[in-house]
Amino acid sequence: MIKRMLAIAACLAVLLCGCTKEVQPSAGATKDKPIVVGFSQIGAESEWRVANTESVKSSLSEDNGYDLIFDDARQEQENQIRAIRTFIQQGVDYIVFSPKVETGWETVLQEAKVAGIPVIMIDRDIEAKDKGLITACIGSDFRKEGEKAVQWLEKLMVQQGRGANPIRIVDIQGTMGSAAQVGRTAAMEQAIARHSNWKMVVQECGDFTRAKTYEVMKNTLKRTKDIDVVYCENDGEALGAIDAMEEAGLKCNAHDGVIVISFDATKLALKYCLEGKIALDVECNPLQGPYVDGIIKRLQRGEPIEKVKYIDETQFDYFTITKGMIENRKY
Ligand code: GYE
């Protein structure tokens, strides 16, 4: 009896092993047939952007089961639309894109939907009415980032006994119409509306680049040097503004100079923060590749996904930053 039971168990084991073996070829097939992803990136305007591209490329790698088609739009929305159309024609499995601006995506996203290709949006946002055309988005809450910055400034002004003094602010805006610019600008404009002593003396676009901001700031300083705060909507802009201010003989620091506020918190900018040249840097995390990979893998397995994912972000200021924080930085 026992012998018979053992024999049955042995047969079952053989059968089960057979089953396991049968599953393997399909696992092998997935390996042979990578997941094809078309990725439309805005360009390479900043250190942040370069880190973002790198993050997606290294997460959606061949070793990780992907065939990634990368397109750099060189700052043109038209190029992004063309790239997405090409991805659709190529019949990719997924489209990943970072929208340069918030508007103008409806038609092409509709085309992706008709073709049945899921679209994963990273970094910046688009108009709410087009959001239904997106499968998932991963990015930052830019309005919240801006609010963190103005709240920090409000506190500092009170601490320095300047709560009622006139505060003259220069806002160097990011690429106009981009979600990052819209959110960060709105937070500062609202703060200015709340404080009758805060005044926007200049508001100009630096296009998220160091070079353009250097020019913009140089021209601004020809008109006035009476500036308390320069609110730069990314790190590249902060570095360009500092270059121009130092050249014009202005000191940048939070004690007795121009207060420079920035966003991104790249390694280089944090070094400026440690020196005191950038007073506050609100973090914006570009390392979104692993989240994209996670979402695609879940979709592949038919599992539910989080439709909107905001990445946790912190902030660094001159008063509390340490060398260790910079050394640990990945971008
Ligand atoms: O702050 C800036 C980049 O959209 C969050 O774009 C991104 C912004 C980032 O060029 O450095």
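Cut-off values and rules
- The written sequence of each chain sets the order in which its residues are numbered from 1.
- Reporting of local features is limited, given that this is a predicted model, to residues whose pLDDT is at least 70; pairs of side-chain atoms are given and counted only at 80 or more, and all residues count toward the totals for whole chains, interfaces and linings.
- Only hydrogens and water are set aside when side-chain values are computed; all heavy atoms of the structure are taken into account.
- Here the rule is simple: two strands pair whenever DSSP picks up at least two bridges between them.
- The way it works is that DSSP assigns letters per residue, a run of H or I at least four long becomes a helix, a run of E at least two long becomes a strand, and they are numbered from the N terminus.
- Helix axes are fitted only over the stretch in contact, all axes being lines through C-alpha atoms; the angle between N-to-C directions runs from 0 to 180 degrees.
- For each domain, the first and last residues come from an automatic or database assignment.
- What counts as buried area is the accessible surface, traced by a 1.4 Å probe, that two parts surrender upon association, with contributions from both included.
- By definition, a salt bridge exists where a carboxyl oxygen of Asp or Glu is found within 4 Å of a side-chain nitrogen of Lys or Arg.
- Between N or O atoms, a polar contact is any pair within 3.5 Å; within protein, one atom must be a potential hydrogen donor and the other a potential acceptor, and residues adjacent in sequence are included only when both atoms are from side chains.
- We call Asp, Glu, Lys and Arg charged. Ala, Val, Leu, Ile, Met, Phe, Trp, Tyr, Cys and Pro are nonpolar, and the rest, Gly among them, are polar.
- Here a residue counts as near a molecule or strand whenever at least one of its heavy atoms sits within 4 Å of it.
- Using a 1.4 Å probe, accessible areas were evaluated by the Shrake-Rupley method; residue-level cover was limited to the displayed protein chains.
- Remark: exposure states derive from per-residue accessible area (1.4 Å probe, protein chains only) relative to the maximum for the residue type, with buried under 20%, exposed over 50%, and partly exposed in between.
- We call two residues in contact whenever any of their non-hydrogen atoms come within 4.5 Å of each other.
- The nonpolar core is taken to be a set of buried Ala, Val, Leu, Ile, Met, Phe, Trp, Tyr and Cys residues, with the residues joined through side-chain atoms within 4.5 Å.

**Examining the sheet that holds strand β11 (residues 308-310)**
Here comes step 1: Taken in spatial order, the six strands line up as β2-β1-β3-β4-β5-β11 in an open sheet, and their pairing is parallel. The open sheet has two edge strands, β2 (66-72) and β11, and neither has a second partner. Each strand of the sheet is rotated relative to its neighbour by a mean of 15°, with strand direction disregarded.
Here comes step 2: Two strands pair when backbone bridges link them, and strand β1 (residues 35-41) and strand β3 (residues 94-97) are joined in this way by four bridges, in the parallel orientation. Its bridge partner being in β3, S40 is matched across the sheet by F97.

**A word on the domain arrangement of the chain**
Many structure descriptions define interface size as the accessible area lost when the parts assemble.
Here comes step 1: Domain assignment breaks the chain into domain 1 (2-139 + 286-310) and domain 2 (142-284).
Here comes step 2: Once you take the C-alpha centre of each, domain 1 and domain 2 turn out to be 36 Å apart.
Here comes step 3: Across the domain 1 to domain 2 interface the summed buried area is about 960 Å²; carbon plus sulfur atoms make up 63%.
Here comes step 4: For the pair domain 1 and domain 2, the number of links is zero salt bridges.
Here comes step 5: At the surface where domain 1 touches domain 2, the tally comes to two residue pairs in polar contact (both at pLDDT 80 or more).
Here comes step 6: Tallied by class, residues from the side of domain 1 that touches domain 2 come to three nonpolar, one polar and seven charged.

**Quick notes on the site of the ligand**
Here comes step 1: Near the ligand you find 13 residues, and of these E45, D123, R124, N234 and D264 are the closest.
Here comes step 2: Here D123 contributes a side-chain N or O atom positioned 2.8 Å from an oxygen atom of the ligand.
Here comes step 3: A distance of 2.9 Å separates an oxygen atom of the ligand from a polar atom in the side chain of R184.
Here comes step 4: Protein chains bury 100% of the 300 Å² of accessible surface belonging to the ligand in isolation.

**A closer look at unusual backbone geometry**
Here comes step 1: Positioned with a positive phi, R74 is a non-glycine residue whose angle comes to about 45°.
Here comes step 2: Tracing the backbone shows R74 in the loop between β2 and α3 (77-90).
Here comes step 3: With phi around 65°, A265 is a residue other than glycine that occupies positive phi space.
Here comes step 4: The topology assignment puts A265 in the loop between β9 (259-264) and α9 (267-275).
Here comes step 5: Overall, the relative accessible area of 0% leaves A265 in the buried class.

**Brief notes about the sheet that holds strand β8 (residues 229-232)**
Here comes step 1: Taken in spatial order, the six strands of this open sheet run β7-β6-β8-β9-β10-β12, and their pairing is mixed. At either margin of the open sheet sits one strand with a lone partner, and together these are β7 (198-205) and β12 (315-317). The sheet shows a mean angle of 15° between the axes of neighbouring strands, taken without regard to direction.
Here comes step 2: Bridge count between strand β6 (residues 167-173) and β7: seven bridges; the pairing is parallel. Bridging from a neighbouring strand, D171 pairs with Q203 of β7.
Here comes step 3: Helix-sheet contacts for helix α6 (residues 179-194) involve β6, β7, β8 and β9, and the interaxial angle to β7 is about 160°.

**Some details on the side chain of D293**
Here comes step 1: Mapping D293 onto the fold places it in helix α10 (residues 289-300).
Here comes step 2: Engagement of the side chain of D293 in a polar contact is seen with the side chain of Y66, the distance being 2.7 Å.
Here comes step 3: With near-sequence residues (within four places) excluded, D293 lies in contact with S59, L60, N64 and Y66.

**Things to note about the pairing of strand β5 (residues 136-139)**
The side chains of a regular strand alternate, residue by residue, between the two faces of the sheet.
Here comes step 1: Side-chain alternation along β5 places A136 and I138 on one buried face and C137 and G139 on a second face that is also buried.
Here comes step 2: Looking at chain direction, strand β4 (residues 119-123) and β5 are connected through four bridges and run parallel. Considered in β5, the bridge of D123 is made with G139.
Here comes step 3: Sheet analysis places β5 next to β11, joined by three bridges and oriented parallel. The partner of G139 across the bridge, within β11, is Y310.

**A look at the nonpolar core**
Here comes step 1: Ranked by internal contacts, the top residues of the largest apolar core, which has 29 residues, are M217, V230, M245, V260 and I278.
Here comes step 2: Counting only elements with at least two residues in this core, the list comes to β6, α7 (210-223), β8, α8 (235-247) and α9.
Here comes step 3: The dominant element in this core, judged by the number of residues it contributes, is α8, at six residues.
Here comes step 4: Look past the residues within four positions of I278 in its chain and what remains in contact with it is A238, L239, I242, V260, S262, A269, Y272, C273 and Y318.
Here comes step 5: Counting residues in each nonpolar core, the second largest holds 22 residues, with W152, I169, V229 and A279 among its members.

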